[in-house]
Amino acid sequence: MIRSIIVAQSQNRVIGIDNTLPWYLPADLKRFKAITMGHHMIMGRKTYESIGKPLPGRTSIVITRNKDLVFEGCVMAHSLTEAFDIAQKNNDEEAFVIGGADLIKQAIDVCDKLYLTNIHQDFKGDTFLDPLSSSWKEIENIAHEPDEKNVYSYSFVTYEK
């Protein structure tokens with residue numbers, strides 16, 4: 001099974017503020033849906049709470065330390081390893097870590113692939129993505145200019161180890 005991360009960051013490495021995205025970029029949301037559809041999405045409790053519900057067509061695995069916590073329609077796990085094991089036991093060919101920042105930091109060394117949206121603008125934020133190590137190799141980079149739906153320029157970049 002491929003272990004992946006999917007995340008968007010601003011030019012100044014921001015990935016969130018107050019447990020939300022500081023931008024609205026429909027093209028990124030569309031890409032996120034297309035890539036994760038039919039797969040397991042692994043997220044921390046706060047990320048799940050910011051989304052507010054399981055996303056259709058995907059299995060939401062929520063990682064929490066609280067053994068008593070249950071979110072309806074989600075699979076609960078208590079570690080990243082357990083979450084990946086659940087996806088593997090369900091024969092998923094690719095599972096996605098979608099956030100938050102602490103979970104991405106845990107996953108970055110054990111994942112094989114990274115789907116990154118680079119938004120070419122600075123944003124205020126309280127959550128940042130660390131720089132990538134040299135073990136990540138860029139395999140695709142598709143640049144997009146602003147349009148009638150997307151007010152920022154951005155790039156879809158894919159990395160593999």
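These figures come from a predicted structure and were not determined experimentally. (Residues numbered from 1 in each chain as written. Predicted model: local features only at pLDDT ≥ 70, side-chain atom pairs only at ≥ 80, totals over all residues. Heavy atoms only, no water.)

## Side note on the nonpolar core
To keep it simple, the criterion reads: Only buried residues count toward a nonpolar core, which is a set of Ala, Val, Leu, Ile, Met, Phe, Trp, Tyr and Cys residues joined through side-chain atoms within 4.5 Å. A 1.4 Å probe rolled over the protein chains alone gives each residue an accessible area, and that area as a share of the maximum for its type sets the label: buried under 20%, exposed over 50%, partly exposed in between. Helix and strand assignments follow DSSP, with helices taken as H or I runs no shorter than four residues and strands as E runs no shorter than two, numbered in order from the N terminus. Contacts were defined at the residue level, with two residues in contact if any of their heavy atoms lie within 4.5 Å.
I5, V7, I42, L80 and V97 are the most contacted members of the largest nonpolar core, which totals 26 residues. Broken down by secondary-structure element, the contributors of at least two residues to this core are β1 (2-10), β4 (59-63), α3 (80-89), β6 (94-99), α4 (101-107), β7 (113-119) and β10 (154-160). For this core, the leading source of residues is α3, giving five residues. Excluding its chain neighbours within four sequence positions, the residues that come into contact with I42 are I61, I63, L80, A83, F84, A95, F96, V97, I98, G99 and L103. Y48, L55, F71 and I98 belong to the second largest nonpolar core, which has 14 residues in total.

## Describing the layout of surface pockets
A probe matching the size of a water molecule, rolled over the atoms, marks out where space remains unfilled. Rules: Points on a 1 Å grid, built from protein atoms alone, make a cavity when a 1.4 Å probe fits but cannot get out and make a pocket when they are open with protein on both sides within 12 Å along at least 5 of 7 lines; residues with an atom within 4 Å of a point are the lining residues. Grid points are joined across faces, edges and corners, and a volume is the space filled by probe spheres set on the points.
The calculated volume of the largest pocket comes to roughly 1,300 Å³. Around the largest pocket, the lining is made up of 40 residues, and of these N19, T47, I98, G99 and G100 lie nearest the centre. Only β1, β2 (14-16), α1 (26-36), α2 (45-51), β6, α4 and β7 provide two or more residues apiece to the lining of the largest pocket.

## Considering the side chain of S10
Note the cut-off: We call two N or O atoms a polar contact when they sit within 3.5 Å, provided that within protein one can donate a hydrogen and the other can accept it, with sequence-adjacent residues counted only if both atoms are side-chain atoms.
Its place among the elements puts S10 in strand β1. Polar contacts involving the side chain of S10 include one to the side chain of N12, which spans 2.5 Å.

## So, the environment of Q9
Along the chain, Q9 falls in strand β1. As for Q9 and S135, which are separated by 126 residues in sequence, their C-alpha atoms are 19 Å apart. Ignoring anything within four residues of it in the chain, the contact list for Q9 reads V14, I15, W23, L116, T117, N118, I119 and L129.

## Concerning the pattern of salt bridges
Heads up, the rule is: In the sections that follow, a salt bridge refers to a side-chain nitrogen of Lys or Arg positioned within 4 Å of a carboxyl oxygen of Asp or Glu.
Applying the stated rule across the entire model yields two salt bridges. Note that E49 and R45 form a salt bridge whose closest N and O atoms lie 2.8 Å from each other. Here E49 and its partner R45 are both found in helix α2, four residues apart, which amounts to about one turn of the helix. We classify E49 as partly exposed; its relative accessible area is 42%.

## Section: the sheet that holds β10
Quick note on the threshold: Two strands are said to pair when DSSP picks up at least two bridges between them. Axis definition: a line fit to C-alpha positions, over the contact stretch in the case of helices; interaxial angles, taken between N-to-C directions, run 0 to 180 degrees.
The strand order across the open sheet formed by eight strands is β5-β4-β3-β6-β1-β7-β10-β9, and the pairing between neighbours is mixed. The sheet is open, and its two borders are formed by β5 (75-77) and β9 (137-144), each paired with just one other strand. Shown here is a sheet whose adjacent strand axes are inclined to one another by a mean of 20 degrees, direction ignored. Direction of pairing for β4 relative to β5: parallel, over a ladder of three bridges. Among the inter-strand pairings, I61 is bridged to a residue of β5, identified as V75. Contacts between α1 and the sheet are confined to β1, β3 (40-44), β6, β7 and β10, with β10 contributing the most and set at about 30 degrees to the helix. Where α3 meets the sheet, its contacts fall on β1, β3, β4, β5 and β6, and the angle it forms with β5 comes to roughly 140 degrees.

## A short note on the pairing of β4
What counts is decided by this rule: The handedness rule is simple: strands pointing away from the viewer, and a clockwise path from the first strand over the helix to the second, make the crossover right-handed.
Summarising burial for β4: four of the five residues are buried, a large majority. Here β3 pairs with β4 via five bridges, running parallel. For M41, the partnering residue across the bridge sits in β4 and is S60. Taken together, β3, α2 and β4 form a β-α-β motif whose crossover is right-handed.

## Structural notes on unusual backbone geometry
Here G99 and G100 are connected by a cis peptide whose omega angle stands at 0 degrees. Within the element layout of this structure, G100 appears in the loop between β6 and α4. Although it is not a glycine, R13 adopts a positive phi angle of roughly 75 degrees. Here R13 lies in the loop between β1 and β2. Non-glycine residue D18 carries a positive phi angle of around 50 degrees.

These values are about where atoms sit, not about what they do.
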